[in-house]
Amino acid sequence: MSDHAVLHVKGRVLAGPDDVRDELWVVGGRVTYDRPAGAGDVRAVEGWALPGLVDAHCHVGLGAHGPVDADTAEKQALTDREAGALLIRDAGSPSDTRWVDDRDDLPKIIRAGRHIARTRRYIRGYAHEIEPADLVAYVGQEARRGDGWVKLVGDWIDRGVGDLAPCWPREAVEAGIAEAHRLGARVTAHCFAESSLRDLVESGIDCIEHATGLTPDLIPLFAERGVAIVPTLVNIATFPDLAAGGEKRYPHWSAHMRRLHERRYDTVRDAYDAGIPVYVGTDAGGSLPHGLVAAEVAELVTAGIPPVEALAATSWAARAWLGRPGLEEGAPADLVVYESDPRADVRVLAAPRRVVLNGLVVQ
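Cut-offs used in this document
- Residues numbered from 1 in each chain as written.
- Predicted model: local features only at pLDDT ≥ 70, side-chain atom pairs only at ≥ 80, totals over all residues.
- Heavy atoms only, no water.
- 1 Å grid on protein atoms, 1.4 Å probe; cavity = no way out; pocket = protein on both sides within 12 Å on 5 of 7 lines; lining within 4 Å.
- Points joined across faces, edges and corners; volume = space filled by probe spheres on them.
- Nonpolar A, V, L, I, M, F, W, Y, C, P; charged D, E, K, R; others polar.
- Axes fitted to C-alpha atoms, helices over the stretch in contact; angles between N-to-C directions.
- Helix = DSSP H or I, 4+ residues; strand = E, 2+ residues; numbered from the N terminus.
- Parallel < 35°, antiparallel > 145°, perpendicular 65-115°, else oblique.
- Contact = heavy atoms within 4.5 Å.
- Buried < 20%, exposed > 50% of the residue type's maximum accessible area, 1.4 Å probe, protein only.
- Pairing = 2+ DSSP bridges.
- Expected span 1.5 Å × (residues − 1).
- Arc of directions from axis to C-beta.
- Salt bridge = Lys/Arg side-chain N within 4 Å of Asp/Glu carboxyl O.

## Details of the layout of surface pockets
Counted as a void, the largest pocket has a volume near 630 Å³. Residue lining of the largest pocket: 28 residues in total, with I123, W156, F192, L242 and S287 positioned closest to the centre. A per-class count over the lining of the largest pocket returns 14 nonpolar, 10 polar and 4 charged. Roughly 240 Å³ of volume is contained in the second largest pocket.

Here it is in structure tokens:
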């Protein structure tokens, strides 16, 4: 499509869960609901249009053993794009992916810098591994490098006790989160276990990744503080295999991981029912493949979240949470078109008819 071409999207445009329009136009790469005068070269796309999907926990530039080369990172981003994920919150990556910002054909990325973990308490090659005395300095560094987010590793296996355990003392967490907020960044943390959550939430954290340890006694605290969760259920599905692999050396950890997996759907549904914001994230990168956003939405529905709310968690609500526009007048034309209404059946998300990014039909 040339720079002067106009795109006409018609059928049903889901500007919001209840805001359904008959058509929109793309002029100069941006959305308008006003028919352009004298449009010459017009391309029509028909179907049910949604804002570009959000994967709020994804790792472009990360592989099983740490950073990957630019060609591999490009393939990761293209796989996400083909699945309709046009906005990614990169929840920690050791790779510099700023070059993606210069590409109109790749998803937009909101970066959280590199993971910050306790020494020898995370996957090798992924994180800055430091001690509590250095946490504030590293939070400040990653807050300046990121796009308004910082990612902590809140808990991990402690080999001395043979189970999941918090990584940071309360005072270090309080100081680190305060420093991020002073610099205008929000903070999220990887948390599988129950024991790390109270200190993080009471210290002012903004989001918890995975949140498998969210128990009934903690749910009111999350709800009161407005702390969001990104459950990554497609990742939690791997817990039984992880537990089996660690059974011999760490039987307590293995049993704990199985319990967290068994109650995963109840945990997410109870959080949603209590009013805790829930958003879609896949944890792609590392050991999981990219392009799983539709599968994660389906998992939220399986957990008991109403289909329209699960859809919002990867579209309208997720974009508002991340401070990015949807299909508002004048917004960048990032949208996905489907054969049928995804509000009626979220499984349609797995088969985009067209993907439009920055006003260009890229698929």
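Back to the text.
## Overview of the packing of helix 9 (residues 264-273) against helix 10 (residues 293-303)
How two helices pack is summed up by the angle between their axes together with the distance between the axes. Between helix 9 and helix 10, the least distance of the axes is 8 Å, while the angle of their chain directions is 80°. On the basis of their axis angle, the class for helix 9 and helix 10 is roughly perpendicular. Every residue of helix 10 that contacts helix 9 at Y265, V268 and R269 is listed here: E299, L300, T302 and A303.

## A closer look at the pairing of strand 12 (residues 149-153)
In terms of burial, strand 12 is largely enclosed, as 5 of its 5 residues are buried. A two-sided burial pattern is seen for strand 12, the buried positions comprising W149, K151 and V153 on one face and V150 and L152 on the other. Summarising the sheet, strand 12 and strand 15 (residues 186-191) pair through 5 bridges and their orientation is parallel. Within the sheet, the bridge partner assigned to V150 lies in strand 15 and is V187.

## Some remarks on helix 1 (residues 70-82)
With 13 residues, helix 1 should reach 18 Å at 1.5 Å per residue; the first-to-last C-alpha distance of 18 Å fits that figure. Those residues of helix 1 not exposed but buried are A73, Q76, A77, D80 and R81. Viewed end-on, helix 1 has its buried residues packed into an arc of 140°, placing them on one side of the element. Turned more than 90 degrees away from the buried face of helix 1, the exposed residues are D71 and K75. Taken together, the buried residues of helix 1 touch strand 5 (53-58), strand 6 (62-63), strand 8 (85-90) and strand 19 (354-357). After helix 1 finishes, the residue G84 shows a positive phi value of roughly 95°.

## Focus on the sheet that holds strand 18 (residues 335-338)
An order of 3-2-1-4-18-19-20 is seen for the 7 strands of this open sheet, with the pairing classed as mixed. What marks the edges here is a single partner per strand, and that holds for strand 3 (30-32) and strand 20 (360-361). Across 3 bridges, the pairing between strand 2 (residues 20-27) and strand 3 is antiparallel. Its bridge partner being in strand 3, W25 is matched across the sheet by T32.

## Comments concerning the pattern of salt bridges
Using the criterion set out here, one finds 24 salt bridges in the structure. A salt bridge links E209 to R89, with the shortest nitrogen-to-oxygen separation between them at 2.6 Å. Of this pair, E209 sits in strand 16 (residues 207-210) while R89 sits in strand 8; the two residues are 120 residues apart in sequence, bridging distant segments of the chain. Across the pair, R89 and E209 agree in class, each one buried. Through salt bridges that share partners, R170, E174, R198, D199 and E202 make up one connected network.

## Looking at empty space enclosed by the protein
Scanning all chains against the criterion turns up 2 cavities of 30 Å³ or more. Reported here for the largest cavity is a volume of approximately 60 Å³. Every residue lining the largest cavity is listed: G154, P166, C167, W168, V173, S195, S196, D199 and L200. Residues that form the lining of the largest cavity fall into these classes: 5 nonpolar, 3 polar and 1 charged. If you add up the space inside the second largest cavity, you get close to 50 Å³. Taken together, H210, A211, T212, I229, P231, L233, I236, R264, T267 and V268 form the lining of the second largest cavity. Only helix 6 (233-236) and helix 9 provide two or more residues apiece to the lining of the second largest cavity. Of the residues forming the lining of the second largest cavity, the biggest block, 3 residues, is contributed by helix 9. By residue class, the composition of the lining of the second largest cavity is 6 nonpolar, 3 polar and 1 charged.

## Overview of the side chain of R89
Taking relative accessible area as the criterion, R89 reaches 1% and is therefore assigned buried. If we skip the residues at most four places from it in the chain, R89 touches D55, A56, H57, C58, I110, W149, T188, C207, E209, V230, W321 and L322.

## A closer look at the sheet that holds strand 9 (residues 108-111)
With respect to topology, 3 strands assemble into an open sheet ordered 5-8-9, the strand pairing being parallel. At either end of the open sheet lies a strand with only one pairing partner, and these are strand 5 and strand 9. Across the sheet, the axes of successive neighbouring strands diverge by a mean angle of 20°, strand direction being ignored. Bridge count between strand 5 and strand 8: 4 bridges; the pairing is parallel. The residue of strand 8 that forms the bridge with C58 is D90.

## Quick look at helix 2 (residues 135-145)
The set of residues buried in helix 2 consists of L135, V139, G140, E142 and A143. Summarising the contacts, the buried residues of helix 2 are in contact with strand 10 (116-118), strand 11 (128-130), strand 12 and helix 3 (170-182).

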